[in-house]
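What follows is each chain in one-letter form.
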Amino acid sequence: MTTLLQVTSLTKQFAGKVVVDGIDFTLAENTSTALIGPNGAGKTTTLSMLTGLLKPTSGIVKMLDGDLRSTIGFLPQFPQFHPWLSALEFTEMAAKLNGVPANKAKLEAQKTLEFVGLGNDINKKIATFSGGMKQRLGISQAIVHKPKLLLLDEPVSALDPVGRREVLDLLKDLQQETTILYSTHILNDAEEMTDQLLFLRDGKLVEQGTLHEVRERFDEPNYVVEFNTEEEADHFIQSEHIGKAKGRYVYIEIIDEKESMQELLHHLSNAPYKIRKVERQTASLEEIFMKVAKKI
Amino acid sequence: MRGFNVLLQKEFREAWRSWKFLWIPLVFALLGMSDPLTNYYMMDILNAVGNLPEGFEMLMPELMPVDLLQASIGQFQTIGLLVLMATFVGAISKERASGMATLLYVRPISFGAYFLSKFIVMSTVGFVSILAGFAASVYYTVVLYGTFEIGSLVASFFTYFSWLLFVLAVTLMMSATFKTIVATSCAFIVIFMGQMINAIVGTFWTVSPWKLPLYGVQLIRGTMEMSDFWWSLMMTIILTIVCISIGTFTMKKNASMTKI
């Protein structure tokens with residue numbers, strides 16, 4: 001995979017306070033990367049520096065394919081539009097400012113607005129738009145000029161479940177031909193569409209890798225055994241000296257896949273009551289997130 | 001000047017759709033017609049209001065047409081400029097504060113083009129406004145008092161327009177440099193304090209942009225010392241260009257102040 005963007009020891013201080021602290025990463029072409037971390041971790045600041053709007057205190061953002069400002073599309077967390085323009089006028093202006101030839105700009109703008117689902121509202125003034133429509137318009141202005149790199153700050157956080165679903169599907173379509181870097185704190189979204197994860201905490205990149213790699217590192221797999229009643233679960237633990245009870249469930253940590261399984265089966269066969277379910281459970285991204293967020 | 005045409009179109013659309021091309025000229029037209037009308041009908045107004053003592057006699061000054069134009073320009077200088085400056089002083093700073101600038105600043109635009117497109121639209125609104133103001137003032141003066149010589153009247157108009165370009169350049173430069181509140185204060189201080197200082201020591205300080213509105217009137221009166229006029233005009237144009245350059249520079253420098 002070819003590298004598109006290279007970030008080297010990127011640092012930002014505001015009045016002596018370090019907000020982003022020497023982070024390094026690369027983005028490969030046509031991959032999508034999720035920038036996750038708790039509020040105040042420095043996600044927006046990082047994205048702002050990548051757009052060129054904010055000058056880094058030190059460090060380098062290097063676009064390996066052309067000039068940075070003409071190759072990116074950016075969607076801020078709360079995009080603000082000129083309310084007296086129509087959706088079409090705004091998108092067309094965005095296209096032209098990014099160098100789409102004047103005779104093609106209008107057509108491109110129309111196509112893009114249809115793609116994001118605003119086909120029926122292209123001539124309405126932005127002032128009349130709802131939050132969801134503005135988010136779609138925000139995406140359309142970011143992609144109308146077919147940027148190589150798409151930077152999205154919390155693209156779906158402000159949307160209702162239906163809007164979220166639709167925007168995520170849009171982004172999945174875009175994923176085929178664009179490099180995407182987006183920040184989010186909604187981990188299901190990151191789980192759904194991401195090739196690379198970047199965990200930010202207090203301005204530092206504390207964890208990075210593919211979803212699979214990160215999971216391997218933080219996973220503490222368990223067997224979960226579900227009983228009919230709490231008493232049965234408690235009794236099972238007391239008689240077999242294994243696992244931890246939580247209500248009707250018993251959690252048994254897996255130390256070695258094969259041995260643990262044999263051991264579990266042995267204990268289960270001793271149990272005198274009905275067992276509802278046995279399940280192998282892996283950590284969700286949310287649990288990993290909590291671990292990373294608390295890791296010292 | 002990348003994106004100049006596109007940005008110019010956007011600025012014109014904004015000014016047009018927010019009715020700036022209508023209501024600001026209307027304000028100037030009202031200001032322009034008020035002096036010729038009130039002066040001419042002063043006696044009638046006083047009589048109609050009543051309560052004048054028996055046998056009251058008042059000597060109304062004999063007014064020349066140019067006196068009424070000067071009075072109108074005096075109105076533009078206070079209320080007119082206040083309206084124009086207050087309307088446009090947020091042109092850049094408010095766009096930054098609201099975050100509307102963000103979606104433009106991330107694109108490969110030239111800040112010079114963006115600044116100039118705003119300046120041109122402001123100047124056009126200003127031009128139409130004082131045109132309406134002069135037209136209203138001159139129309140009622142001609143109907144009620146007497147005529148002007150057309151050549152010197154046009155010269156006077158463009159002299160006032162040069163002064164207005166300077167005012168707008170100062171306003172926009174402040175908007176690019178500071179946040180709206182500070183920009184408003186600074187722009188008002190430069191323009192209105194300048195006028196006050198000019199009123200106090202103007203007799204000795206004959207070359208400055210603040211002189212131009214008066215010089216325009218003196219062109220009509222035919223009492224103008226032409227070397228003072230040319231020097232002032234030149235100084236005004238140079239200062240306008242300087243303001244535009246500084247404004248472009250600070251607009252670019254302050255790009256990161258935009259709300260993201």
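Residues numbered from 1 in each chain as written. Chains lettered and ligands numbered in written order. Predicted model: local features only at pLDDT ≥ 70, side-chain atom pairs only at ≥ 80, totals over all residues.

**Q** I'm lost on the packing of helix H1 (residues 4-17) of chain B against helix H7 (residues 111-144) of chain B in this one. Help?
**A** Two quantities define a packed helix pair, namely the angle between the axes and the distance from one axis to the other. All names here are of chain B. Running from amino to carboxyl end, H1 crosses H7 at an angle of 40°, the nearest separation of the two axes being 9 Å. Of the two possible hands of crossing, H1 and H7 adopt the one that is right-handed. Contact residues: Phe4, Leu7, Leu8, Glu11, Phe12 and Ala15 in H1; Ala113, Tyr114, Leu116, Ser117, Lys118, Ile120, Val121 and Val125 in H7. (Axes fitted to C-alpha atoms, helices over the stretch in contact; angles between N-to-C directions. Helix = DSSP H or I, 4+ residues; strand = E, 2+ residues; numbered from the N terminus. Left-handed = near helix turned anticlockwise from the far one by under 90°. Contact = placed C-beta atoms within 7 Å.)

**Q** Is there a simple way to explain the pairing of strand E3 (residues 32-36) of chain A in this structure?
**A** As a general feature of sheets, a regular strand has side chains that alternate between the two faces. All names here are of chain A. Within E3, five of the five residues are buried, which leaves it mostly tucked inside the rest of the structure. Judged by which residues are buried, E3 turns out to be covered on both faces: Ser32, Ala34 and Ile36 on one side and Thr33 and Leu35 on the other are all buried. Bridge analysis of E3 against strand E7 (residues 179-184) gives five bridges, and the strand direction is parallel. Opposite Thr33, over in E7, you have Leu181 as the bridge partner. Note: E3 against strand E8 (residues 196-201), four bridges, orientation parallel. If you follow Thr33 over to E8, its bridge partner there is Gln196. (Buried ≥ 20, exposed ≤ 12 C-beta atoms within 10 Å, placed from the backbone. Pairing = 2+ DSSP bridges.)

**Q** I'm lost on the nonpolar core in this one. Help?
**A** Most often, soluble globular proteins have nonpolar side chains that are buried together. With 126 residues, the main nonpolar core has Leu151 of chain A together with Val167, Leu168, Ala169, Val170 and Leu172 of chain B as its most contacted residues. Among all residues touching Leu151 of chain A, those that are not within four sequence positions of it are Leu47, Leu50, Thr51, Ile72, Phe74 and Leu181 of chain A. Of all hydrophobic cores here, the second largest spans seven residues; its members include Tyr223, Val225, Ala233 and Ile252 of chain A. (Core = buried A, V, L, I, M, F, W, Y, C linked by C-beta atoms within 7 Å.)

**Q** What is the right way to look at the confidence of the model for chain A in this model?
**A** Low pLDDT means the predicted coordinates in that region are not meant to be read closely. Here chain A averages 87 in pLDDT, while 99% of its residues score no lower than 70. At the low end of the mean pLDDT range in chain A sits helix H11 (residues 285-294) of chain A, at 77; at the high end sits helix H3 (residues 87-97) of chain A, at 96. (pLDDT = per-residue confidence, 0-100.)

**Q** Honestly, the sheet that holds strand E4 (residues 58-63) of chain A in this entry has me stumped. Any pointers?
**A** Residue and element names in this part refer to chain A. Taken in spatial order, the three strands make up an open sheet running E2-E1-E4, and their pairing is antiparallel. Each of the sheet's edge strands pairs with one partner strand only, and the pair in question is strand E2 (17-28) and E4. The average angle at which neighbouring strand axes cross in this sheet is 15°, direction not considered. Strand contacts of helix H1 (residues 43-51): strand E1 (3-14), E2 and E4, with the helix running at about 60° to E2, the strand carrying the most contacts.

**Q** So what exactly am I meant to see when it comes to the interface of chain B and chain A here?
**A** Where interface size is given, it is often the accessible area lost as the parts come together that is meant. Facing 22 residues of chain B, the contacting portion of chain A comprises 24 residues. Among the elements of the structure, H1 and helix H6 (102-105) of chain B are those that each provide at least two residues to the side of chain B that touches chain A. Taken together, the residues of the side of chain B that touches chain A break down into 10 nonpolar, seven polar and five charged. (Nonpolar A, V, L, I, M, F, W, Y, C, P; charged D, E, K, R; others polar.)

**Q** Teacher, can you tell me more about the confidence of the model for chain B here?
**A** Averaged over every residue, the pLDDT of chain B is 94; the share at 70 or more is 100%. Both scores are available for the predicted complex, with the pTM at 0.88 and the ipTM at 0.89.

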